[in-house]
Amino acid sequence: MTRGKTGRGGSSAAPSSVDVARVAGVSQKTVSRVFNDEPYVSADVRRRVLEAAERLGYRRNNAARALASGRTRSIGVVTLGTALYGPASLLIGVERVVRDTGYALRVVNTMEGDPAGLAGAVDSLLDQGVDGIVISEPIDEQSPAGCDPLRVDVPVLALGAPPPPVTAPTVLTAGDGADLMARAATEHLLALGHRTVHHLAGPQRWYAARDRLTGWRASLTQQGRDVPPAVEGDWSAASGHLVGRELAGDDSVTAVFAANDDMAIGLIRALTEAGRRVPEDVSVVGLDDIPVAAYVTPPLTTVRQPFDAVAQEGLKRLVHAIENPDADALAPSGPPVDLIVRASTAPPPRRTNGGPST
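Residues numbered from 1 in each chain as written. Predicted model: local features only at pLDDT ≥ 70, side-chain atom pairs only at ≥ 80, totals over all residues. Heavy atoms only, no water.

Participant: I keep staring at the confidence of the model for the protein chain and nothing clicks. Help me out?
Facilitator: Should pLDDT be low for a region, the predicted coordinates there are not to be read in detail. Averaged over every residue, the pLDDT of the protein chain is 87; the share at 70 or more is 86%. Overall, residues 1-12 carries pLDDT values under 50, and its contacts beyond four positions in sequence, including any with other chains, amount to 14 contacts. (pLDDT = per-residue confidence, 0-100. Contact = heavy atoms within 4.5 Å.)

Participant: Help me understand the sheet that holds strand S14 (residues 301-304), please; the structure alone is not making it clear to me.
Facilitator: Adjacent strands of a sheet form backbone hydrogen bonds with each other and so pair up, either parallel or antiparallel. One open sheet accounts for six strands, arranged S11-S10-S12-S13-S14-S15; its pairing is mixed. Unpaired on one side and paired on the other, strand S11 (231-232) and strand S15 (338-340) mark the two borders of the sheet. Where S14 lies against S15, three bridges are found, and the strand directions are antiparallel. Bridge pairing in S15 places Thr302 opposite Ile340. (Pairing = 2+ DSSP bridges. Helix = DSSP H or I, 4+ residues; strand = E, 2+ residues; numbered from the N terminus.)

Participant: Would you mind showing me how to read the environment of Asp288 here?
Facilitator: Structurally, Asp288 can be placed in strand S13 (residues 283-288). Remark: the alpha-carbon pair of Asp288 and Ala259, spanning 29 residues in sequence, is separated by 8.6 Å. Not counting residues within four places of it along the chain, the set of residues in contact with Asp288 comprises Tyr85, Arg212, Asn260, Asp261, Thr302, Val303, Arg304, Gln305 and Phe307. Polar side-chain contacts of Asp288 include one of 3.0 Å to the side chain of Gln305. (Polar contact = N/O pair within 3.5 Å; in protein donor to acceptor, adjacent residues only side chain to side chain.)

Participant: Please clarify how the sheet that holds strand S3 (residues 74-80) should be interpreted in this entry.
Facilitator: Overall, parallel pairing links the five strands, which are arranged S4-S3-S5-S7-S9 in an open sheet. This sheet does not close on itself; its edge strands, each paired only once, are strand S4 (104-110) and strand S9 (171-174). For this sheet, the mean inter-axis angle between neighbouring strands, taken without regard to orientation, is 20°. Judged from the three bridges that link them, strand S5 (residues 132-136) and strand S7 (residues 156-159) form a sheet pairing that is parallel. When the sheet's bridge partners are listed, Ile135 is paired in S7 with Ala158. Against the sheet, helix H5 (residues 85-101) contacts S3, S4, S5 and S7, and its axis sits at roughly 160° relative to S4. (Axes fitted to C-alpha atoms, helices over the stretch in contact; angles between N-to-C directions.)

Participant: Explanation requested: the nonpolar core in the structure shown.
Facilitator: In a soluble, globular protein the nonpolar side chains are often hidden away together inside. Grouped together as the largest cluster of nonpolar side chains are 25 residues, with contacts concentrated most on Leu200, Val256, Leu267, Leu271, Val284 and Leu300. Of all the elements, helix H10 (residues 261-273) adds the most residues to this core, at five residues. In contact with Leu267, other than residues within four places in its own chain, are Leu200, Gly240, His241, Val243, Gly244, Leu247, Val256 and Val284. (Core = buried A, V, L, I, M, F, W, Y, C linked by side-chain atoms within 4.5 Å. Buried < 20%, exposed > 50% of the residue type's maximum accessible area, 1.4 Å probe, protein only.)

So this is what it looks like as structure tokens:
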């Protein structure tokens, strides 16, 4: 099949909207209306235009559209440069959703420990003419003293964290329900009959770690349970293993909620090495539902993170703000809380004479 037209010297020129209009038997204005998703185009005409475009290999000239509309149809993302499962999975979800919306994606990574990194990343994206910015910065980097708020002239979406100090036409948030997931994990263990739940927390510079600690503590407090001191890890299985070696020597520990699955897996390994059976002696719940969680021994009870749902909802609201600058922002919806019960949780061991049974 011949795609496009042959120009001088035998080179193949890209097909234009005029070519699509000719093949579809419509006007060039109608082709423009179809690709701009404007109303008042019949389903039959829309189908003919799209089929003609597919047959010719036509692609819209986004540069020309940007000059005409003042928009580049691109969205910028500021994200922490990390291979950790949560941030990496959220970025993949954003990439998938942005592609489906027809926008181009521009990504700038920041580095942990650089308080000026966010401002520099945002400036870089604005220089590229993006129509909106997604900030997926999960760490609380202290801004330099006296630093003015970021001034942004496009809509901004903050994922999984409160929005940074920013002045923008619209500021949106999505994916900030980690406290609800922590509540679900804690309440599952309490419902099994455990007197209290210990917490292996993530590093407290991370917003998600703070939210999970808050949800765990609130659940225990609301049910009148003792609140043990939380122990902080660094998201790694190695840190979970280190904490597990400490907790293994305390027979009063019968339930632990770990702030992510990697730490939970390291914790279980340490408990098992110390002769504490999971879940017969100690129940463990993680958070994320990483791919390996269902295949460790025992399979891990966890709370699944809705990365795709968060990206879908957040980007839908951001695109609406970009394309409808004078309209009210779309209302957010709460993230789903999906507790996945597997074999790492059970009722506490029976106690005799005030102590654990053997």
